[in-house]
Amino acid sequence: MHASKILIPMDAETQENHLKAYGITYWVLSKQQKVQWLLNYRGGSFLLPDGEPIRNECRIRGVSFEVLSDAQAQSILDGIASPSQNQEAVILEKAPKIAVYSPKDNQPWDDAVTMVLTYAEIPYVTVYDQEVMEDKLAIYDWLHLHHEDFTGQYGKFYGSYRAAPWYIEGKRQAEALAAQLGFSKVSDSKSAVAEKIRNYVIGGGFMFAMCSATDSFDIALAAKDVDICEPMFDGDPSDPNYQNRLDYGRTFAFRNFTLERNPLRYEFSSIDMTSKRNDFPRESDYFSLMDFSAKWDPVPTMLCQNHTALVKGFMGQTTAFTRDEVKPTVLVLGENKLNGEARYIHGIVGRGFFTFYGGHDPEDYQHRVGDPKTELELHPNSPGYRLILNNVLFPAARKKKQKT
């Protein structure tokens with residue numbers, strides 16, 4: 001048989017390591033070779049050019065693959081092209097440049113995205129406030145926001161951890177960095193950083209955020225030039241009647257939310273569903289991925305590729321989003337209907353895109369401060385982690401826009 005293609009199947013039955021399969025795909029793209037992403041075909045499989053180096057790389061990384069003849073590959077593509085099939089072949093053109101917004105002293109296992117990028121062997125660069133304020137985001141295609149608080153309230157950890165050495169030291173470092181960047185308050189510096197990130201997305205960037213970076217980012221945008229911080233956070237009182245001064249027209253995803261005024265409460269606003277779950281039983285905590293038309297809606301279809309439509313829920317400071325506070329222009333990609341939760345959402349802002357994914361770690365149900373890291377070697381087929389990697393590859397499918 002004359003082989004010309006390698007198929008990396010992504011179904012539940014035949015793929016031994018779904019997460020590393022994305023790394024193989026990224027590696028091939030980084031060699032200036034194109035890949036076809038077969039949406040809704042065997043769990044969102046990848047069709048690669050054949051070659052001994054690629055076969056070897058699959059073997060080394062433990063990724064299942066099948067060698068196809070020209071005729072077999074064409075037969076699969078013909079089937080996918082049929083109007084009767086909810087499938088599509090999308091060409092991935094270049095390996096996206098990836099930046100992770102995270103403090104320099106953070107360990108890679110503090111964040112699910114850095115963990116899965118490392119496990120999948122996908123390279124990334126860490127950036128933080130200095131790089132953002134120096135307009136260095138423009139060189140990256142994809143930006144992930146670390147478990148972060150863009151409101152300047154230090155993650156709302158004050159109630160439980162204000163005496164903890166790590167909290168005191170983190171606050172000191174944040175204040176020093178804000179001063180270094182020319183701001184008198186951390187809330188002002190974080191607001192300026194959020195504005196820079198907002199402009200990056202409007203200009204054509206792709207932003208992915210999880211956990212508290214999702215709602216705190218939108219809150220910071222809505223509260224531009226409004227002091228929502230109590231004195232223990234920024235040294236002066238909040239603005240009177242600040243709730244009524246929020247501008248929901250500036251946010252990416254959320255509207256009509258109410259801020260949490262109590263500084264002792266570990267919560268930012270009504271966006272998050274964590275406290276509204278009423279002891280929601282863990283065994284019922286799953287969310288379902290939406291079914292989109294692969295030919296007409298390839299973007300949300302791409303972001304939902306998986307070997308199962310039902311994904312295990314997991315918690316975080318921001319676990320999920322209140323459904324009726326999600327803007328009607330934003331697509332809900334995954335939801336828990338039982339509890340009225342949006343778990344995974346996507347939208348367009350200007351020329352760019354964003355995805356917000358609730359929860360902290362897809363394989364650690366109730367991640368707590370100081371918990372040990374998740375070992376992804378034990379979860380190579382994690383559907384929850386696959387959603388992150390769908391987002392990593394998504395920019396590869398877009399034609400690079402000219403920078404103006």
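This one's a predicted model, so the numbers in the text were calculated from it and none came from an experiment.

Asks: It is not clear to me how the overall build of the protein chain should be interpreted in this structure. Could you clarify?
Replies: Helices and strands together make up the secondary structure of the protein chain, namely 12 helices and 15 strands. Relative to a compact globule of 404 residues, whose C-alpha radius of gyration would be 22 Å, the protein chain shows 21 Å and is just as compact. Dimensions of the protein chain, computed from the C-alpha atoms along their principal axes, are close to 75 × 45 × 40 Å. Counting only residues that meet the buried cut, the protein chain has 58% of its 404 residues in that class. In the protein chain, once contacts between residues fewer than 6 apart in sequence are set aside, the share between residues at least 24 apart is 76%. As displayed, the protein chain offers around 16800 Å² of accessible surface, 52% of which is attributable to carbon and sulfur atoms. In the protein chain, which carries 44 positive and 53 negative side-chain charges, the distance between the mean positions of the two groups comes to 5 Å.

Asks: Looking at this model, I keep getting lost on the pairing of strand E8 (residues 142-145). Mind explaining?
Replies: It is a general feature of regular strands that their side chains alternate between the two faces of the sheet. Every second residue of E8 is oriented toward a common face, with Trp 142 and His 144 on one face and Leu 143 and Leu 145 on the other, all of them buried. The pairing of strand E6 (residues 98-101) with E8 spans four bridges and is classified as parallel. Considered in E8, the bridge of Val 100 is made with His 144. Sheet topology note: the E8/strand E9 (residues 206-210) ladder contains four bridges and is parallel. Looking at the pairing, Trp 142 lines up with Phe 206 of E9.

Asks: Help me understand the nonpolar core in this model?
Replies: One broad rule of soluble globular proteins: the nonpolar side chains tend to lie buried together. The biggest cluster of nonpolar side chains holds 59 residues, and the ones touching the most others in it are Ile 8, Phe 46, Leu 48, Leu 92, Met 210, Tyr 357 and Ile 388. Of all the elements, helix H1 (residues 18-30) adds the most residues to this core, at eight residues. If we skip the residues at most four places from it in the chain, Leu 48 touches Ser 4, Lys 5, Ile 6, Ile 8, Ile 24, Thr 25, Val 28, Val 35 and Ile 54. Judged by nonpolar contacts, the second largest core, of 54 residues, contains Val 127, Tyr 167, Cys 229 and Val 349.

Asks: Would you mind showing me how to read empty space enclosed by the protein here?
Replies: Empty space among the atoms can be located by rolling a probe the size of a water molecule over them. Applying the stated criterion across every chain yields a total of two cavities of 30 Å³ or more. The space that makes up the largest cavity amounts to roughly 50 Å³. Residue lining of the largest cavity: Gln 153, Ile 219, Ile 228, Tyr 242, Leu 259, Glu 260 and Phe 268, and that is the complete set. Along the lines of polarity and charge, the residues of the lining of the largest cavity split into five nonpolar, one polar and one charged.

Asks: How should the packing of helix H4 (residues 112-120) against helix H12 (residues 383-393) be read in this particular structure?
Replies: Between two packed helices, what matters for the description is the angle formed by their axes and the separation of those axes. Between H4 and H12, whose axes approach to 10 Å, the crossing angle comes to 80 degrees. Regarding the angle of H4 to H12, the classification is roughly perpendicular. Here Ala 112, Val 113, Met 115, Val 116, Leu 117 and Ala 120 of H4 come into contact with H12, specifically with Tyr 385, Ile 388, Leu 389 and Val 392. Classifying every residue of the contact of H4 with H12 gives 10 nonpolar, no polar and no charged.

Asks: Looking at this model, I keep getting lost on the pattern of salt bridges. Mind explaining?
Replies: Here the idea is simple: oppositely charged side chains can pair when their charged atoms come close. Throughout the structure, instances matching the rule amount to 26 salt bridges. Residue Asp 50 is joined to Arg 55 by a salt bridge in which the shortest nitrogen-to-oxygen separation is 2.8 Å. Here Asp 236 makes a salt bridge to Lys 185, at a shortest N to O gap of 3.2 Å. In this pair, Asp 236 sits in the loop between helix H10 (231-234) and strand E10 (286-289) while Lys 185 sits in the loop between helix H7 (165-180) and helix H8 (186-202), placing the two residues 51 residues apart along the sequence. Residue class for Lys 185 comes out buried when judged on its relative accessible area of 15%. Among the ionic contacts, a cluster of salt bridges with common partners joins Lys 20, Glu 57, Arg 61 and Glu 121.

How each quantity is defined
- Think of each chain on its own: its residues are numbered from 1, step by step along the sequence as written.
- Where local features are concerned, this predicted model is filtered to residues with pLDDT of at least 70; where side-chain atom pairs are given and counted, the filter is 80 or more; whole-chain, interface and lining totals use all residues.
- Values shown for side chains rest on all heavy atoms present in the structure; no hydrogens or waters enter the calculation.
- The secondary structure listing takes helices from DSSP runs of H or I that are at least 4 residues long and strands from runs of E that are at least 2 residues long, numbered from the N terminus.
- Radius of gyration here is computed from C-alpha atoms only, and the compact-globule reference equals 2.2 Å multiplied by the residue count raised to the power 0.38.
- In this scheme, a residue with accessible area under 20% of its type's maximum is buried, one over 50% is exposed, and one in between is partly exposed, where area comes from a 1.4 Å probe on protein chains only.
- Residue contacts follow a heavy-atom distance rule, with two residues in contact if any of their heavy atoms lie within 4.5 Å.
- Only the protein chains shown count as cover for residues, with accessible areas throughout obtained via the Shrake-Rupley method and a probe of 1.4 Å.
- Charged-residue counts in this description rest on Lys and Arg as positive and Asp and Glu as negative, His and the chain ends being excluded.
- The atoms used to mark charge sites are NZ of Lys, CZ of Arg, CG of Asp and CD of Glu.
- Pairing between two strands is assigned when DSSP locates at least 2 bridges connecting them.
- Nine residue types can take part in a nonpolar core, namely buried Ala, Val, Leu, Ile, Met, Phe, Trp, Tyr and Cys, and a core is a set of them joined through side-chain atoms within 4.5 Å.
- In this analysis, the protein atoms alone were mapped onto a 1 Å grid. Cavities are point sets where a 1.4 Å probe fits without being able to get out; pockets are open sets with protein on both sides within 12 Å along at least five of seven lines; lining residues have an atom within 4 Å of a point.
- Grid points are joined across faces, edges and corners, and a volume is the space filled by probe spheres set on the points.
- Each residue gets one of three labels, nonpolar for Ala, Val, Leu, Ile, Met, Phe, Trp, Tyr, Cys and Pro, charged for Asp, Glu, Lys and Arg, and polar for the others, Gly among them.
- Between N-to-C directions, angles span 0 to 180 degrees; the directions come from axes that are lines fitted to C-alpha atoms, helices contributing only their stretch in contact.
- An angle counts as roughly parallel when it lies under 35 degrees, as roughly antiparallel when it exceeds 145, as roughly perpendicular when it falls between 65 and 115, and as oblique in every other case.
- Whenever a carboxyl oxygen of Asp or Glu lies within 4 Å of a side-chain nitrogen of Lys or Arg, that contact is scored as a salt bridge.

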